[in-house]
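Remarks on the overall topology
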Amino acid sequence: MLSFILRRLAIAIPTLFVIVTISFFLMRVAPGGPFDLEQPLEAKVMENLRRIYQLDRPLHQQYLTYLAALIRGDFGPSFYFRDFSIAELFAQGLPVSMRLGASALALALLIGAPLGVLAAFRQNEHADHAVMGFATAGITIPNFVVAPVLQIVFGLMLAWLPVGGWNGGAVRNTILPIVTLALPQIAVIARMTRAAMIETLRANHIRTLRAQGLSGVTVALHALRGAALPVVSYLGPAAAALLTGSVVVESIFAIPGIGRYFVEGALNRDYTLVMGTVVVVAIFVLIFNLVVDVVYALLDPRVRLE
Amino acid sequence: MSEITLAPLPVAGRSLWQDARIRLMRNRAAVVSLIVLALMTLACLIGPLMTGHPHDRVYQDYVRVPASIDSYPKAEAIPAAVQRIASRVRAIASDIAVSQDGVRLTLTSQRPIDQRLLVYFDRSDQFGTPKILANEEDGRRLSLDVPIKRQRFWFGTDANGRDLLTRTLIAGRVSLAIGLLATGVALVIGVSYGATAGYLGGRVDMLMMRIVDVLYSLPFIFFVILLVVFFGRNFILMFLAVGAIEWLDMARIVRGQTLSIKRQEYVLAAEALGVTTGGILRRHVVPNTLGPVIIYVTLLVPKIILLESFLSFLGLGVQEPMTSWGVLISDGARSIQGAPWMLIFPATFLVTTLFALNFLGDGLRDALDPRDR
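Anyway, here's the lowdown on the structure attached to this text. (Residues numbered from 1 in each chain as written. Chains lettered and ligands numbered in written order. Predicted model: local features only at pLDDT ≥ 70, side-chain atom pairs only at ≥ 80, totals over all residues. Heavy atoms only, no water.)

The number of helices and strands found in chain A is 12 helices and zero strands. Across its three principal directions, the C-alpha atoms of chain A cover 85 × 55 × 30 Å. Here chain A has roughly 15,100 Å² of accessible surface; of this, 66% comes from carbon and sulfur atoms. Each charge class in chain A was averaged separately, 22 positive and 17 negative side chains, and the resulting centres sit 10 Å apart. (Helix = DSSP H or I, 4+ residues; strand = E, 2+ residues; numbered from the N terminus. Areas by Shrake-Rupley, 256 points an atom, 1.4 Å probe, with all protein chains shown as cover. Lys, Arg positive; Asp, Glu negative; His and termini not counted. Charge placed at Lys NZ, Arg CZ, Asp CG, Glu CD.)

Here is the structure:
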């Protein structure tokens, strides 16, 4: 197990290197630069700025400089948010996004999995249709529709919760964003759990359990272990996406997370910010894929980690 | 003499596709979805021609009017509208009598009324060319018969006074076209890449799938924003490119299928007969992967429509005066308090389409899944 994890981490480094290289050059090929304003800067000012940020050097040299800094763990200064380094921006934003994402994921699992199990046990009955209808709605209604509706209903009409803002992370402020983030995940998890559960319930070992006259709950717990496999492999990428923040939710609820950095960074050609986000997201994806494989092996003894 | 009995005719076998069609037609949700999708497409294609409003026509007098089955202008709003125009003509309107298709009124003023100013009636969206019935007191008192221009805004109008029904239908054209276009590109790339990787196998397969893995770990939105930067406002090109990104899942699915298909005896036979690799791929491999591919396509179309909406929400999508469901919804979300119809109608259209596509995908999965027989 340990050697498997170590080997996977060793493979992750070249993958990360390829990702960094591709994004670095793609970003630089894009037209425009970080200091292009509506009114062009004076040539001399521009020249000085480019020299300070070392943009006047040949591209391959910049690339090597960036790689060297990255290996030391230095993401460099932000081009757009002046006076901030990328590390500082992430130190502020990442905990916020991760807290929202983790809560949403936990909520989605707590609600979605039981709903899916319920639907599987009551296949083709009213409860099943209700759950599947809800799940389809959760997948199809975009979160930028859900968010304003929640704001209107709970923020303005009922006036129970604040409409937006972070307020130092007060619990009241996090409820609406977490629900918005969780809804589509609840839907997907419920659907996948139902499908996997229906398949597992037909398996021989479950038939044996039933034949032995065990209660429904015991059967469900045994079936859940097999049914969890596809859900776990979905949760890996989903967790990576949730923990690194959502542009839509963070901009609608005015939350200082890192989700919006990506869009802002790319639109303003903030090279270091975009690169930093790419690296962080890629690390999350790689880590969670590894976690998924390990959990997979723990759940299913047929899977051998080689 | 022995009797010759005719052997009973063999029962005609049903192909996978006939079988799938029968099973699909038995699934009520899938059939309803098919009908809904057909109606939606038809409405978006010919609907904008029948609403009587161009999608970019601005009605300045009807900004953000609520959805209504009755025609505009409303009878109770006419006197105020007449007074507004009268004050621009520098006269006072009196004796306003509203009938079904016209208004009779009298304009009085201190000085003779400049009849050229009556063009203000024409210019408004509510009235036609006024007819002068009587001209008294040297032109200080005019009796007019002004025809009313009736307009219907079944879905209301947007913040610029454009008919929302027409815009929703036009937006549907754009959203559906983008969904199909990008899915088509993803289909072509994904199927050919996956089939090639799976069929060739070995080193080539490992290398090709390694590339897919790397592309997977790249944040998707990074690509999309770069594409927006490159292609700017040309959304057709952009969505060709989005399709060129969305093929990764398709390639994996097709590769998995191909791995099992290539061990079949008919492929072996084709190889023995000397059919070229390309020929085997086209004739034997690709057609047999279509089942899962079709299912994935019905789920990819809504995914791309949602993606386009998401981009439009960020302001990176389709540009004015063209529109898409995503643009309309993000406009609507912004004015949800004052004008809820601006969110409700486009969102209903979008969600209905996505619902139908999802149910159709589920139905196809049930119909094509051979394990379920």
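Below, the discussion takes up the overall build of chain B. Counting its regular elements, chain B contains 13 helices and four strands. Relative to the compact-globule value of 21 Å for 373 residues, chain B shows a C-alpha radius of gyration of 31 Å, a clear excess of over 25%. Its C-alpha atoms give chain B principal-axis dimensions of about 115 × 70 × 35 Å. Burial statistics for chain B: of 373 residues in total, 48% are counted as buried. Between the averaged position of the 38 positive side-chain charges in chain B and that of its 30 negative side-chain charges there is a distance of 4 Å. (Rg over C-alpha atoms; globule rule 2.2 N^0.38 Å. Buried < 20%, exposed > 50% of the residue type's maximum accessible area, 1.4 Å probe, protein only.)

Glancing now at the pairing of strand β2 (residues 102-108) of chain B. Residue and element names in this part refer to chain B. Most of β2 is tucked away: five of the seven residues are buried. As paired elements, strand β1 (residues 92-98) and β2 share five bridges and run antiparallel to each other. Residue Ala93 lies in a different strand from β2, and its bridge partner there is Leu107. Linking β1 back to β2 in an antiparallel pair, the connection comprises three residues. With seven bridges joining them, β2 and strand β4 (residues 141-147) adopt antiparallel strand pairing. Its bridge partner lying in β4, Leu105 is registered against Leu144. (Pairing = 2+ DSSP bridges.)

The next subject is the packing of aromatic side chains. Residues and elements named next belong to chain A. The full count for this structure, using the stated rule, is 17 aromatic pairs over all chains. Ring centres of Tyr80 and Phe81 lie 5.1 Å apart, and the angle between their planes is 80°; on these two criteria the pair is classed as edge-to-face. Taking relative accessible area as the criterion, Tyr80 reaches 42% and is therefore assigned partly exposed. Between Phe154 and Trp160, the aromatic rings sit 6.0 Å apart at their centres with planes inclined by 45°, giving tilted as the arrangement. Exposure remark for Phe154: the relative accessible area of 26% places this residue in the partly exposed category. Ring-pair connections join several aromatic residues into one group, and the members of that group are Phe75, Tyr80, Phe81, Phe90 and Tyr261. Across from the ring centre of Tyr271, 4.0 Å away, lies the NZ or CZ of Arg28, which sits over that ring. (Phe/Tyr/Trp six-rings, centres within 6.5 Å; stacked < 30°, edge-to-face > 60°. Lys NZ or Arg CZ within 6 Å of the ring centre and 35° of its normal.)

This next bit is on the sheet that holds strand β3 (residues 131-136) of chain B. Residue and element names in this part refer to chain B. Strand order in the open sheet formed by four strands is β1-β2-β4-β3, with antiparallel pairing between adjacent strands. For this open sheet the edge positions go to β1 and β3, each flanked by a neighbour on one side alone. Within the sheet, the average angular offset between the axes of one strand and its neighbour, ignoring direction, is 15°. Docked against the sheet, helix α3 (residues 78-88) engages β1 and β2, running at close to 150° with respect to β1. (Axes fitted to C-alpha atoms, helices over the stretch in contact; angles between N-to-C directions. Contact = heavy atoms within 4.5 Å.)

With 15 residues, helix α5 (residues 126-140) of chain A should cover 21 Å at 1.5 Å per step; its first-to-last C-alpha distance of 21 Å lies within 8% of that length. Burial in α5(A) covers these residues: Asp128(A), Val131(A), Met132(A), Ala135(A), Thr136(A), Ala137(A), Gly138(A) and Thr140(A). Contacts made by the buried residues of α5(A) are with α4 (86-121) and α7 (171-201) of chain A together with α11 (277-313) and α13 (341-368) of chain B. (Expected span 1.5 Å × (residues − 1).)

So, on to the side chain of Ser78(A). Residues and elements named next belong to chain A. Take Ser78: it is sitting in the loop between α3 (59-71) and α4. Judged by relative accessible area, Ser78 falls into the buried class, the value being 1%. Within the local environment of Ser78, its side chain forms a polar contact with the backbone nitrogen of Tyr80, the two atoms lying 3.3 Å apart. Of note is the side chain of Ser78, whose polar atom sits 3.0 Å from the backbone nitrogen of Phe81. Those residues in contact with Ser78 that lie beyond four places of it in its chain are Tyr53, Phe84, Ser85, Ile86, Leu89, Asp270 and Thr272. (Polar contact = N/O pair within 3.5 Å; in protein donor to acceptor, adjacent residues only side chain to side chain.)

On to unusual backbone geometry. Residues and elements named next belong to chain A. The phi torsion at Ala159 lies on the positive side, around 55°, for a residue other than glycine. By secondary structure assignment, the location of Ala159 is in the loop between α6 (143-157) and α7. Positive phi, normally seen in glycine, also occurs at Ala254, with a value near 50°. Note on Ala254: relative accessible area 49%, which makes it partly exposed.

Here we come to the interface of chain B and chain A. Across the contact, 33 residues belong to chain B and 41 residues belong to chain A. Roughly 3,100 Å² of surface becomes buried between chain B and chain A when both sides are summed, with 82% attributable to carbon and sulfur atoms. Seen at the junction of chain B and chain A, the total is zero residue pairs in polar contact (both at pLDDT 80 or more). Counting residues per element, the ones that place at least two in the side of chain B that touches chain A are α6 (202-217), α7 (220-231), α11, α12 (325-334) and α13 of chain B. Of all the elements, α13(B) adds the most residues to the side of chain B that touches chain A, at nine residues. (Buried area = accessible area lost by both parts, 1.4 Å probe.)

Here we come to a nonpolar patch on the surface. A surface patch of nonpolar side chains, about 570 Å² in accessible area, is lined by Leu42(B), Leu45(B), Ile46(B), Leu49(B) and Met50(B). The class for Leu49(B) is exposed, based on a relative accessible area of 69%. (Patch = residues over 30% accessible without salt bridge, like charges linked within 9 Å, V, L, I, M, F, W, Y side chains within 5 Å. Salt bridge = Lys/Arg side-chain N within 4 Å of Asp/Glu carboxyl O.)

Residue and element names in this part refer to chain B. Applying the stated criterion across every chain, the model contains five salt bridges over all chains. Here Asp205 ties to Arg255 by a salt bridge, and the two come within 2.6 Å at their closest N and O atoms. Pair noted here: Asp205 is in helix α6 and Arg255 is in helix α9 (residues 247-261), with a separation of 50 residues, a long-range link. One salt bridge in this structure joins Asp249 and Lys303, with 3.9 Å as the shortest N-O distance. Placement of Asp249 in helix α9 and of Lys303 in helix α11 is noted, with a sequence separation of 54 residues between them. Accessibility expressed as a relative area gives 39% for Lys303, which makes it partly exposed.

With 28 residues, helix α9 (residues 216-243) of chain A ought to run about 40 Å at 1.5 Å a step, yet its terminal C-alpha atoms sit only 35 Å apart, falling short of that. At Ala228(A), α9(A) shows its largest bend, some 40°, and a proline, Pro230(A), comes one to four positions later. (Bend = angle between axes of the 7 residues up to and from the residue.)

The next point concerns the side chain of Thr168(B). All names here are of chain B. Mapped onto the elements of the fold, Thr168 is located in helix α5 (residues 164-200). The buried category is assigned to Thr168, whose relative accessible area is 0%. From its side chain, Thr168 meets the backbone oxygen of Leu164 in a polar contact 2.6 Å long.

Okay, the packing of α6(A) against α7(A) next. Residue and element names in this part refer to chain A. α7 packs onto α6 with a crossing angle of 145° between their chain directions and a minimal axis gap of 10 Å. Crossing of α6 against α7: the hand is right-handed. For the pair formed by α6 and α7, the contact residues are Asn143, Val146, Ala147, Leu150, Gln151 and Phe154 on the first element and Leu176, Val179, Thr180 and Leu183 on the second. For the contact of α6 with α7, the residue count by class is seven nonpolar, three polar and no charged. (Left-handed = near helix turned anticlockwise from the far one by under 90°. Nonpolar A, V, L, I, M, F, W, Y, C, P; charged D, E, K, R; others polar.)

Function-wise, these values are silent; they only describe arrangement.
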